[in-house]
Amino acid sequence: MEGENHPVWDLYDEYRTTRLNTLYYEKELAALKHRNSCIEIFLALTASSGIAGLWFWETFTGGLIWKGILTIAAILAVVKPIVNLAAQIQQKSELLEYWRSQGNDLNILVILTKQRKSYDNEIRNRFISIMEAKKSIIQKEPAEGINEKLRERCYNQVNKELPSGYFFIPEE
């Protein structure tokens, strides 16, 4: 590949990494919100006297099912604060907001490089500033718990969206 050692690839690689992280946190956040909503709905339904008063629960089988549902609801009510989905949602939201912002900043540099047909000093300096600002978010990234299957799916999506041929390589 022509220009594969050009310094502009640092910018492009970082842009793709940022896109990967954005996709990853979008999907993780959506899953957490969905899980939280399901738990909230389940708990609300079990607390409803209208649901509890349905004729079906008065049958032998219905009574067993209702007792099982109430057992699950009791367990969820105890586990939910321990798991603290709200804090996880907040953390993922902050990370996603950062990665989206960085992606926008890097996208501007990618566009400028293409428009100017050059990876000039101004673009380099702005890129370095973005990388220095990245230090603050690295500390907030979870050290473990990466969903490798999700990460792989996001990685493949980024490679389809932003293949190597997508980027302009200046002749310098």
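I will try to describe carefully the structure that is included in this document. Predicted model only: the values in this text are computed from it and were never measured. (Residues numbered from 1 in each chain as written. Predicted model: local features only at pLDDT ≥ 70, side-chain atom pairs only at ≥ 80, totals over all residues. Heavy atoms only, no water.)

1. Here's the deal with the nonpolar core
Counting 32 residues, the largest nonpolar core has Leu11, Tyr12, Leu106, Leu109 and Phe167 as its most contacted members. Within the residue set of this core, elements represented by two or more residues are α1 (8–47), α4 (85–116), α5 (121–133) and α7 (148–161). With twelve residues, the top contributor of residues to this core is α1. Setting aside residues up to four positions removed in sequence, Leu106 forms contacts with Leu11, Glu14, Tyr15, Thr18, Phe127 and Ile130. (Core = buried A, V, L, I, M, F, W, Y, C linked by side-chain atoms within 4.5 Å. Buried < 20%, exposed > 50% of the residue type's maximum accessible area, 1.4 Å probe, protein only. Helix = DSSP H or I, 4+ residues; strand = E, 2+ residues; numbered from the N terminus. Contact = heavy atoms within 4.5 Å.)

2. Things to note about the packing of aromatic side chains
Each aromatic ring pair is summarised here by two numbers: the centre-to-centre distance and the angle between the ring planes. Applying the stated criterion across every chain yields a total of seven aromatic pairs. Relative to Phe167, the ring of Tyr15 lies with its centre 6.3 Å away and its plane at 85°, an arrangement referred to as edge-to-face. With Tyr15 in helix α1 and Phe167 in the segment after α7, the pair connects residues that are 152 residues apart, well separated along the chain. We classify Tyr15 as buried; its relative accessible area is 12%. (Phe/Tyr/Trp six-rings, centres within 6.5 Å; stacked < 30°, edge-to-face > 60°.)

3. Let's talk about unusual backbone geometry
The phi dihedral of Asn84 is positive, around 55°, even though this residue is not glycine. Structurally, Asn84 can be placed in the loop between α3 (60–83) and α4. Here the phi dihedral of Lys117 falls at roughly 55°; this positive angle occurs in a residue that is not glycine. Relative to the helices and strands, Lys117 is located in the loop between α4 and α5.

4. Examining α4
Between its first and last C-alpha atoms α4 spans 46 Å; for 32 residues at 1.5 Å apiece the expected length is 46 Å, and the two agree. Following α4 by one or two positions, Lys117 has its phi on the positive side, about 55°. (Expected span 1.5 Å × (residues − 1).)

5. Describing the environment of Val158
Among the secondary structure elements, Val158 is positioned in helix α7. Measuring from C-alpha to C-alpha, the distance between Val158 and Ala86 comes to 29 Å, with 72 residues separating the pair along the chain. Val158 has contacts with Arg16, Arg19, Leu20, Leu23 and Pro163, leaving out every residue within four places of it along the chain.

6. With respect to the packing of α1 against α7
One way to put it is that α1 packs onto α7 with a least axis distance of 9 Å and a crossing angle of 135°. In this view, α1 runs oblique relative to α7, as classed from their interaxial angle. Judged by the sense of rotation from one axis to the other, the crossing of α1 with α7 is right-handed. Packed against α1, whose contacting residues are Arg16, Arg19, Leu20, Leu23, Tyr24, Lys27 and Glu28, the element α7 presents Leu150, Arg151, Cys154, Tyr155, Gln157, Val158, Asn159 and Glu161 at the interface. Taken together, the residues that form the contact of α1 with α7 break down as seven nonpolar, two polar and six charged. (Axes fitted to C-alpha atoms, helices over the stretch in contact; angles between N-to-C directions. Parallel < 35°, antiparallel > 145°, perpendicular 65-115°, else oblique. Left-handed = near helix turned anticlockwise from the far one by under 90°. Nonpolar A, V, L, I, M, F, W, Y, C, P; charged D, E, K, R; others polar.)

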